[in-house]
Amino acid sequence: MSAPDIRVLVVDDHEDNLALLKLILEARSLGYIGASDGYQGLELAKTERPDLILLDLEMPGMDGFTMLEALKANGLTRHIPVIILTATYLEPKSVERGLSLGADEYLTKPINPEELLVRIRSVIRVRKAEKELNQLRKDFTSMLVHDLRSPLEGVGIALNLVLTQELPEKDAKQLVGMARDQILDLSHLVGDLLELHRAEAGMTVVTEAMNPHYLIADVTNECELVAKDRDLTLRCEAPDAMPHILGDRRILKRVLVNLVSNALKFTVQGEVVIRVSPQDAFLRLEVQDTGPGIPPEELDRLFDKYFHIKRRKEKPEHGFGLGLAFCKAAIEEHGGRIGVASELGQGSTFWIEVPLAQSEVSVAS
């Protein structure tokens, strides 16, 4: 017989309650560990490390409040979720005290088995998600440190060779070029980090009515050299007359540069097209590439930076996805929308919809 996925420590000084809860838990394939007082419960929590604790409050010797304080003060047990079970401490002050000490849920006796099961699974699910998120944050920090250090080490090695070795001019230029590329990569990563940090902290969007022709021209001018260097075509399909949009020019330019740069990065041959079309109260800007496409199961989470950390563990060549996370935050801050359509082997189309300036909306309506 396989071990249960969830192990629950029940702490209660009444044997009848322990027996009833054991029956309820085991009938639903949950592991049961019993303790008849707070002292025993605390020791079992340290040694058994259960997935969850059901804790009675009114017990002789060490009551539930005292045990809860001890659990949260110990590094081995502070992260174990706790559901308080009580028939005595029902007034709001006691409930508030239990929750302030770190309890996750508060249930009154007599216990409804179905409600108890729902609460247990809910608390376990939340804690599991928190644990995964914390691990992703640690992974992100570790990968980020690596990606910040590696280019610097590469630049140091290249410059040291140029300074200390008698090299042919061709080789020296190649090393300097490599150092330059590493510095550019590092600069882009730092830029993405700063932009995403501002976005998550609540970016300041200074909106103005602007002609999208000029915005697109700025973007194509910045990305054209990269396209030529990769032997790709970068072109724009837009009507001659376009309605003005409302937005922060610097931020919108950064969004479009990110989308075009990504498209150029993942396109081996062919072209990247910026396509513009009005859509009711919005202007839709699409960035279409002829790259490899994106698997369907990844599309919904493509703008989530933590998803990219998971993906990068499997495929180290992938980036952090910071640029896409920033794009989502920036466009939503503008009151717009962002999305992607893709098919494996057929390329991808990233799109944003930016609100039209008010006068343009009035004219259109």
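Residues numbered from 1 in each chain as written. Predicted model: local features only at pLDDT ≥ 70, side-chain atom pairs only at ≥ 80, totals over all residues. Heavy atoms only, no water.

**What to know about the overall build of the chain**
Part 1: Per the secondary structure count, the chain includes 11 helices and 12 strands.
Part 2: The C-alpha atoms of the chain give a radius of gyration of 29 Å, which is well past the 21 Å a tight globule of 365 residues would have.
Part 3: Once the C-alpha set of the chain is aligned to its principal axes, its extents read approximately 80 × 70 × 40 Å.
Part 4: Of all 365 residues assigned to the chain, the portion counted as buried reaches 42%.
Part 5: Working note: accessible area of the chain is about 20,200 Å², and carbon and sulfur atoms make up 52% of it.
Part 6: Positive and negative charge centroids in the chain, built from 42 and 57 side chains respectively, lie 2 Å apart. (Helix = DSSP H or I, 4+ residues; strand = E, 2+ residues; numbered from the N terminus. Rg over C-alpha atoms; globule rule 2.2 N^0.38 Å. Buried < 20%, exposed > 50% of the residue type's maximum accessible area, 1.4 Å probe, protein only. Areas by Shrake-Rupley, 256 points an atom, 1.4 Å probe, with all protein chains shown as cover. Lys, Arg positive; Asp, Glu negative; His and termini not counted. Charge placed at Lys NZ, Arg CZ, Asp CG, Glu CD.)

**A word on the sheet that holds strand β9 (residues 271–279)**
Part 1: Strand order in this open sheet of five strands is β7-β9-β10-β12-β11, and the pairing throughout is mixed. Strands with a single pairing partner mark the edges of an open sheet, and in this sheet they are β7 (233–237) and β11 (337–343). On average, each strand axis in the sheet is tilted by 15° relative to the strand beside it, whichever way the strands run.
Part 2: Note that β11 and strand β12 (residues 347–355) share seven bridges and pair antiparallel. Of the residues in β12, the one forming a bridge with Glu343 is Gly347.
Part 3: Its contacts with the sheet put helix α7 (residues 212–229) on β7, β9 and β10 (282–289), and the angle it makes with β7 is roughly 170°. (Pairing = 2+ DSSP bridges. Axes fitted to C-alpha atoms, helices over the stretch in contact; angles between N-to-C directions. Contact = heavy atoms within 4.5 Å.)

**Comments concerning the pattern of salt bridges**
Part 1: Within the structure shown, the criterion is met by 23 salt bridges.
Part 2: As a salt-bridge pair, Glu105 and Arg119 come within 3.0 Å of each other at their nearest N and O atoms. Of this pair, Glu105 sits in strand β5 (residues 105–108) while Arg119 sits in helix α5 (residues 113–164); the two residues are 14 residues apart in sequence, bridging distant segments of the chain. (Salt bridge = Lys/Arg side-chain N within 4 Å of Asp/Glu carboxyl O.)

**Things to note about the environment of Glu332**
Part 1: The topology assignment puts Glu332 in helix α10 (residues 322–333).
Part 2: Distance from Glu332 to Lys128, taken between C-alpha atoms, is 29 Å for residues 204 residues apart in sequence.
Part 3: Among the polar contacts listed, one links the side chain of Glu332 to the side chain of Lys328, at a separation of 2.8 Å. (Polar contact = N/O pair within 3.5 Å; in protein donor to acceptor, adjacent residues only side chain to side chain.)

**Points about the sheet that holds strand β2 (residues 31–35)**
Part 1: Here five strands make up an open sheet; going across it, the order is β2-β1-β3-β4-β5 and the pairing parallel. On the outer flanks of this sheet lie β2 and β5, each paired with one strand and no other. If you compare each strand with its neighbour and ignore which way they point, the axes differ by 20° on average.
Part 2: Pairing between strand β1 (residues 7–11) and strand β3 (residues 52–56): four bridges, direction parallel. Paired with Leu9 across the strands is Ile53, a residue of β3.
Part 3: Contacting β1, β2, β3 and β4 (82–86), helix α1 (residues 15–27) runs over the sheet at an angle of about 170° to β2.
Part 4: Of the strands in this sheet, β1, β2 and β3 are in contact with helix α2 (residues 38–48), which crosses β2 at around 140°.

**Notes on the layout of surface pockets**
The gaps of empty space that remain are located by a probe, the size of a water molecule, rolled over the atoms.
Part 1: If you add up the space inside the second largest pocket, you get close to 720 Å³.
Part 2: Residue lining of the second largest pocket: 20 residues in total, with His79, Pro81, Arg127, Lys128 and Lys131 positioned closest to the centre.
Part 3: A class-by-class count of the residues in the lining of the second largest pocket yields six nonpolar, five polar and nine charged. (1 Å grid on protein atoms, 1.4 Å probe; cavity = no way out; pocket = protein on both sides within 12 Å on 5 of 7 lines; lining within 4 Å. Points joined across faces, edges and corners; volume = space filled by probe spheres on them. Nonpolar A, V, L, I, M, F, W, Y, C, P; charged D, E, K, R; others polar.)

**Regarding the packing of α7 against helix α8 (residues 249–266)**
Part 1: Orientation of α7 relative to α8, taken along the N-to-C sense of each, is 35°, at an axis distance of 9 Å. Crossing of α7 over α8 shows right-handed handedness. Of the residues in α8, those touching α7 at Tyr214, Leu215, Asp218, Val219, Glu222, Cys223, Val226 and Ala227 are Arg249, Leu252, Lys253, Leu256, Val257, Val260, Ser261 and Leu264.
Part 2: The class makeup of the residues in the contact of α7 with α8 is 11 nonpolar, one polar and four charged. (Left-handed = near helix turned anticlockwise from the far one by under 90°.)

**Digging into the packing of aromatic side chains**
Part 1: Here the structure, examined in full by the defined rule, presents one aromatic pair.
Part 2: Residues Phe303 and Phe350 carry aromatic rings whose centres are separated by 6.2 Å and whose planes lie at 85° to one another, so their mutual orientation is edge-to-face. Here Phe303 is found in the loop between β10 and α9 (305–314), whereas its partner Phe350 is found in strand β12, with 47 residues between them in sequence.
Part 3: Residue Phe303 is classed as buried on the basis of its relative accessible area of 13%.
Part 4: Looking at Phe350, the relative accessible area reads 11%, which means it is buried.
Part 5: Directly above the ring of Trp351 sits Arg284, whose terminal nitrogen or CZ lies 4.3 Å from the centroid.
Part 6: Across from the ring centre of Phe282, 4.2 Å away, lies the NZ or CZ of Arg337, which sits over that ring. (Phe/Tyr/Trp six-rings, centres within 6.5 Å; stacked < 30°, edge-to-face > 60°. Lys NZ or Arg CZ within 6 Å of the ring centre and 35° of its normal.)

**Let's talk about the side chain of Ser348**
Part 1: Looking at where Ser348 falls in the secondary structure, it is placed in strand β12.
Part 2: The exposure class of Ser348 is buried, given its relative accessible area of 4%.
Part 3: A polar contact is formed between the side chain of Ser348 and the side chain of Ser342, at a distance of 2.7 Å.
Part 4: Aside from chain neighbours lying at most four places away, what touches Ser348 is Val287, Gln288, Asp289, Gly293, Ile294, Ala341 and Ser342.

**Thoughts on the state of the cysteines**
Part 1: The final tally for this structure, using the stated rule, is zero disulfides.
Part 2: Not engaged in a disulfide, the cysteine Cys236 finds its nearest cysteine sulfur in Cys223; these two sulfurs lie 12 Å apart.
Part 3: This cysteine, Cys327, is not joined by any disulfide, and Cys223 carries the nearest cysteine sulfur, 12 Å off. (Disulfide = S-S within 2.5 Å.)

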